[in-house]
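Structural overview
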Amino acid sequence: MTATGARAESAYSLGHSPTEMDRLVLQARLYDPITTQALRLAGLSSGMRVLDVGCGAGDVTFAGAGIVGPTGAVTGIGLGLGGFLKRRNVDFLRQER
């Protein structure tokens, strides 16, 4: 917040370019086993309905979708390009700036 109380515009410092999204996808592949374990430890299980806010490229969203399975659903909200990818139990909503 600024001195006048207005919120300063925040931006992801590495941007949202296709190159950055590709980097995040590669990073997600490397960390996928750890991410999946963390989601399970957090309590995700089959049949759940999950909201992923700030989903970026959607990699954690897809990991969650793998856990909740076809009887569950995951919705990702973010500025990233994840909305161009589809799975049966995943929806993406693009956040407006």
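Structure first, text after, so check above.
Structure report, in brief. (Residues numbered from 1 in each chain as written. Predicted model: local features only at pLDDT ≥ 70, side-chain atom pairs only at ≥ 80, totals over all residues. Heavy atoms only, no water.)

1. With respect to the side chain of threonine 61
Examined against the element boundaries, threonine 61 turns out to sit in helix H2 (residues 59-68). You can call threonine 61 buried: its relative accessible area is 1%. The residues contacting threonine 61, other than those within four sequence positions of it, are Asp52, Cys55, Val74, Gly76, Val90 and Phe92. (Helix = DSSP H or I, 4+ residues; strand = E, 2+ residues; numbered from the N terminus. Buried < 20%, exposed > 50% of the residue type's maximum accessible area, 1.4 Å probe, protein only. Contact = heavy atoms within 4.5 Å.)

2. Here we look at the pairing of strand E1 (residues 49-53)
In the sheet, E1 pairs with strand E2 (residues 73-78) via five bridges, with the strands oriented parallel. Among the inter-strand pairings, leucine 51 is bridged to a residue of E2, identified as threonine 75. Remark: the E1/H2/E2 crossover connection has right-handed handedness. (Pairing = 2+ DSSP bridges. Right-handed = clockwise from strand over helix to strand, strands pointing away.)

3. Remarks on the nonpolar core
Cys55, Phe62, Ala65, Val68, Val74, Val90 and Phe92 form the largest nonpolar core, which has seven residues in total. Contributions of two or more residues to this core are made by H2 and strand E3 (90-94). With three residues, the single largest contributor to this core is H2. (Core = buried A, V, L, I, M, F, W, Y, C linked by side-chain atoms within 4.5 Å.)

4. Let's talk about helix H1 (residues 18-41)
For H1, the principal kink sits at tyrosine 31 and spans about 65°; a proline, proline 33, occurs within the next four residues. Within H1, burial applies to Glu20, Met21, Leu24, Thr36 and Leu39. Those residues of H1 hidden inside the fold are in contact with H2. Where H1 ends, the next residue or the one after it, glycine 43, has phi of about 110°, a positive value. (Bend = angle between axes of the 7 residues up to and from the residue.)

5. Some words on the packing of H1 against H2
Axis separation between H1 and H2 bottoms out at 9 Å; the angle between their running directions is 40°. What the angle tells us is that H1 and H2 run oblique. Viewed along their axes, H1 and H2 form a crossing whose handedness is right-handed. Together, Leu24, Val25, Ala28, Asp32, Thr35, Thr36, Leu39 and Arg40 of H1 and Asp59, Val60, Ala63, Gly64 and Ile67 of H2 make up the contact between the two elements. (Axes fitted to C-alpha atoms, helices over the stretch in contact; angles between N-to-C directions. Parallel < 35°, antiparallel > 145°, perpendicular 65-115°, else oblique. Left-handed = near helix turned anticlockwise from the far one by under 90°.)

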